[in-house]
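So the chains spell out like this:
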Amino acid sequence: MTFLEFLQSNDLYALSGFLMFAHAAQGYGYVTTIPAFYGLWWITPELLNGYMQMSFREELEKFYDPKSEFFQQIRGTWVRAVVTAIVGGAADVVKRTTTMLPEGYQKIWTTIAEKDGLDVRYGVEILDQGIDRQLDDPSAPVRIKYRQKGKNEVIEEEYDFLIYSAPHAHAKNFVKDVAIQEESIFSSLKSFVLATTLYSSEPVLDYTDSARRPIMYEADKMSGPSHDGSWYADRWDDLIFGQPIPGRQTRVGYQFYENYCQGGDMMCNSDRTPNEGGAMESSERALRQFRGELERQNVSGVNTLRQYPWPYFHHFPQEAVQEGKVWDLLEMQGQRKTWWIGASACFESVHDVTNYNLMILRRSAKKPRSPKKWLWVKHMHPGAQVPKQMSAGQKYMYPDSDGAGERMEPWQMETWTTTCGALMV
Ligand SMILES: Cc1cc2nc3c(=O)[nH]c(=O)nc-3n(C[C@H](O)[C@H](O)[C@H](O)COP(=O)(O)OP(=O)(O)OC[C@H]3O[C@@H](n4cnc5c(N)ncnc54)[C@H](O)[C@@H]3O)c2cc1C
């Protein structure tokens with residue numbers, strides 16, 4: 001069942017217009033074609049509640065200065081309480097549904113790597129079939145062969161475990177021993193293309209002229225595949241892009257493709273990432289379509305600077321969802337010395353990718369085998385609280401069934417105690 005069919009059969013059709021913006025405009029597929037499974041994954045009661053709170057506040061802000069004392073009194077929990085009573089859902093207090101990190105998401109990952117002292121290597125080109133898990137021997141290491149970008153030398157290394165976060169659909173190009181079960185899951189994955197184009201132009205009427213809106217969406221262009229490749233959204237924010245040339249604005253335009261092969265051979269091959277210089281091969285067809293749309297909308301002085309046709313939203317089509325492939329993949333985690341993570345395993349958002357990782361981490365953490373262990377931990381940590389101030393590299397011990405004791409990493413400890421916390425207090 002498509003998301004639209006789900007809405008119709010549950011008397012929720014009135015939401016479809018709004019969802020073209022809240023779901024489709026994020027590149028998560030047209031409401032008219034995407035399986036209901038993904039629509040329901042993204043559009044939760046909490047999310048709807050948050051949107052309602054934001055709209056309610058925006059209406060109030062038309063009448064009251066957000067900084068006024070009166071407004072301060074009526075906003076926040078009051079707005080949330082009214083919205084929750086009317087639409088349900090259990091969101092926190094929401095002012096705006098979108099937030100931006102000043103230095104981008106990238107800052108989170110680089111900080112994690114720095115604080116945890118992770119050995120992250122860039123410019124690694126895994127050879128074709130360069131990963132060999134040696135599946136015939138469970139205790140054998142995972143062998144990797146790669147080249148450091150720009151160098152000819154082939155480097156071979158061995159690891160205990162493989163965590164694969166690139167698109168699963170292309171895993172067979174890099175992993176020598178993809179099992180039949182794995183391939184039957186990965187081969188059903190489909191993707192879209194979300195093309196972003198950095199460009200400059202003169203101000204756009206009712207958008208970036210005196211209206212000075214930071215974002216533009218045209219929801220009508222997100223109604224179905226016949227609109228593939230249209231200029232449906234745009235971002236303009238001086239804080240991000242600056243204004244290097246007076247009178248001209250630098251912005252990012254968005255195009256979405258369900259049937260992305262119409263963008264040409266380059267776009268049809270979804271195994272691509274930006275090159276060393278951070279650029280990506282562009283699609284001349286998609287660029288032509290973009291320029292044509294801008295021209296029709298009377299945007300003048302257009303100069304396209306760079307295009308990124310991102311392969312996007314690897315997901316299971318309806319049939320594969322019904323066959324249970326999403327759950328088969330989850331059940332398979334940890335087997336064959338591998339975790340298959342990233343957007344292919346769940347949903348194309350940082351929130352979902354991160355939460356999926358936490359979920360499989362928790363599932364795989366050691367569980368206590370007897371209450372004796374809890375008592376032992378309690379003894380080790382008077383008050384039996386989770387040791388919150390554990391630092392990276394620090395280890396805690398718990399007794400094994402033979403009482404010998406075993407070392408436990410902080411993350412295992414945290415998982416262990418979170419899962420069975422009730423026993424701790
Ligand atoms: C334009 C755009 C805007 C977005 N906006 C948002 C947003 O506002 N909020 C949000 O939550 N999400 C957003 N997303 C989605 C979010 O970026 C992704 O869901 C998330 O980054 C996916 O994480 P991942 O680890 O699965 O993949 P990635 O972050 O893509 O990481 C995969 C990595 O694998 C590398 N790789 C691939 N193949 C190979 C190979 N053969 N060898 C070596 N390395 C390889 C890639 O270079 C990449 O670094 C946006 C995405 C795009 C494209």
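Residues numbered from 1 in each chain as written. Predicted model: local features only at pLDDT ≥ 70, side-chain atom pairs only at ≥ 80, totals over all residues.

**Examining the overall build of the chain**
Using the following cut-off: Strands are runs of DSSP state E lasting at least 2 residues, helices are runs of H or I lasting at least 4, and numbering of each runs from the N terminus. Backbone-placed C-beta atoms define the burial measure: a residue is buried with 20 or more other C-beta atoms within 10 Å of its own, exposed with 12 or fewer, and partly exposed in between.
Tallying secondary structure elements over the chain gives 17 helices and 12 strands in all. Considering the chain as a whole, with its 425 residues, one finds that 24% of them fall into the buried category.

**Here we look at the site of the ligand**
Defined as follows: Using the backbone to place each C-beta atom, any residue with that atom within 6 Å of a molecule or strand is considered near it. Gly is put with the polar residues, along with every residue not named as nonpolar or charged; the nonpolar set is Ala, Val, Leu, Ile, Met, Phe, Trp, Tyr, Cys and Pro, and the charged set is Asp, Glu, Lys and Arg. For the domains described, the bounds stem from an automatic or database domain assignment.
Close to the ligand lie 17 residues; Ala 166, Gly 342, Ala 343, Ser 349 and Val 350 are nearest. Listed by contribution, the elements that provide at least two residues to the shell around the ligand are strand E1 (124-132), strand E5 (190-201), strand E9 (303-315) and helix H15 (350-364). Examining the composition of the shell around the ligand, we find that three residues originate from one element, H15, more than from any other. Of the residues belonging to the shell around the ligand, the class tally is 10 nonpolar, six polar and one charged. In this structure, the shell around the ligand is formed jointly by two domains, domain 2 (119-189 + 316-363) and domain 3 (190-315), each of which donates at least three residues.

**So, the pairing of strand E8 (residues 249-257)**
Along any regular strand, the residues point their side chains to alternate faces of the sheet. The cut-off we apply is this: When DSSP locates at least two bridges between a pair of strands, those strands are taken to pair.
For E8, the tally of buried residues reaches seven of nine residues, placing the bulk of the element in the interior. Where E5 and E8 come together, nine bridges link them in antiparallel fashion. Bridging from a neighbouring strand, Val 193 pairs with Tyr 257 of E8. Two elements, strand E7 (residues 233-235) and E8, share three bridges in a ladder whose sense is antiparallel. Following the sheet pairing, Arg 235 is matched in E8 by Val 252.

**Considering the pairing of strand E3 (residues 154-159)**
The element E3 is barely covered by neighbouring structure, given that only zero of its six residues are classed as buried. Sheet topology places strand E2 (residues 142-148) next to E3; six bridges connect them, and they run antiparallel. The residue bridging Lys 145 from the neighbouring strand is Glu 156, located in E3. In this antiparallel pair of consecutive strands, E2 and E3, the connection spans five residues, and Gly 150 shows a positive phi of 90°.

**Things to note about the sheet that holds E5**
Let me state the cut-off plainly: Here an axis means a line fitted to C-alpha atoms, over the contact stretch when the element is a helix, while the angle between two N-to-C directions is reported on a 0 to 180 degree scale.
A sheet is described by the order of its strands in space; here five strands give the open sequence E6-E7-E8-E5-E9, paired in antiparallel fashion. The open sheet terminates on both sides in strands that have one partner only, identified here as strand E6 (215-217) and E9. Neighbour-to-neighbour, the strand axes of this sheet turn through a mean angle of 20°, independent of strand direction.

**Digging into the sheet that holds E2**
Pairing is antiparallel across the open sheet formed by three strands, whose spatial order is E1-E2-E3. Of all strands in the sheet, those with a lone pairing partner are E1 and E3, marking the two edges. When strand polarity is set aside, the average angle formed by the axes of neighbouring strands in this sheet is 30°.

**Comments concerning the packing of helix H4 (residues 45-63) against helix H6 (residues 77-87)**
Cut-off, in case you're wondering: These descriptions rest on fixed angle ranges, namely under 35 degrees for roughly parallel, over 145 for roughly antiparallel, 65 to 115 for roughly perpendicular, and the rest for oblique. Two helices that cross are described as forming a left-handed crossing if the nearer one is turned anticlockwise from the farther one by less than a right angle, and a right-handed crossing if clockwise. Remark: residues whose backbone-derived C-beta atoms lie within 7 Å of one another are considered to be in contact.
Close contact between H4 and H6 brings their axes to 9 Å; oriented N to C, the two are set at 130°. In terms of their interaxial angle, H4 and H6 are classed as oblique. The two elements H4 and H6 meet at a crossing, and its hand is right-handed. For the pair H4 and H6, contact is made by Leu 48, Asn 49, Met 52, Gln 53, Phe 56 and Arg 57 and by Val 79, Arg 80, Val 83, Thr 84 and Val 87, respectively.

**Some thoughts on the environment of Glu 293**
Mapped onto the elements, Glu 293 comes out in helix H12 (residues 284-296). Since 18 C-beta atoms lie within 10 Å of it, Glu 293 is described here as partly exposed. If near-sequence neighbours (up to four positions away) are discounted, Glu 293 is found in contact with Ser 230 and Trp 231.

**Side note on the nonpolar core**
Rules: A set of buried residues drawn from Ala, Val, Leu, Ile, Met, Phe, Trp, Tyr and Cys, joined through C-beta atoms within 7 Å, is what defines a nonpolar core.
Residues Ala 24, Val 31, Phe 192, Val 193 and Leu 194 are the most contacted members of the largest nonpolar core, which totals 37 residues. Counting only elements with at least two residues in this core, the list comes to helix H1 (3-9), helix H2 (16-22), helix H3 (36-42), H4, E5, E8, H12 and E9. For this core, the leading source of residues is E5, giving four residues. Counting residues in each nonpolar core, the second largest holds 16 residues, with Ala 171, Phe 186, Leu 189 and Phe 316 among its members.

**Some words on the environment of Glu 202**
Relative to the helices and strands, Glu 202 resides in the loop between E5 and E6. Looking at Glu 202, the number of C-beta atoms within 10 Å reads 14, which means it is partly exposed. Each C-alpha atom of the pair Glu 202 and Arg 248 lies 4.8 Å from the other, and the pair is 46 residues apart in sequence. Those residues in contact with Glu 202 that sit more than four places away from it in its chain are Gly 247, Arg 248, Ser 300 and Gly 301.

**A look at unusual backbone geometry**
One non-glycine residue, Gln 134, lies in the positive phi region at around 50°. Residue position: Gln 134 is located in the loop between E1 and E2. With a phi close to 55°, Arg 336 is a non-glycine residue in the positive phi region. Mapping Arg 336 onto the fold places it in the loop between helix H14 (325-332) and strand E10 (338-340). By the C-beta count within 10 Å, which is 17 here, Arg 336 ends up partly exposed.

**Description of H4**
Note the cut-off: In a helix, the anticipated span is given by 1.5 Å times the number of residues less one.
For H4, which comprises 19 residues, the first-to-last C-alpha distance of 28 Å matches the rise-based estimate of 27 Å (1.5 Å per residue) to within 8%. Buried residues of H4: Asn 49, Gly 50, Tyr 51, Met 52, Gln 53 and Arg 57, and no others. In this fold, the buried residues of H4 make contact with H2 and H6.

**What about the environment of Asn 357?**
Along the chain, the position of Asn 357 falls in helix H15. Each C-alpha atom, one on Asn 357 and one on Ile 341, is 6.8 Å from the other, the two residues being 16 residues apart in sequence.

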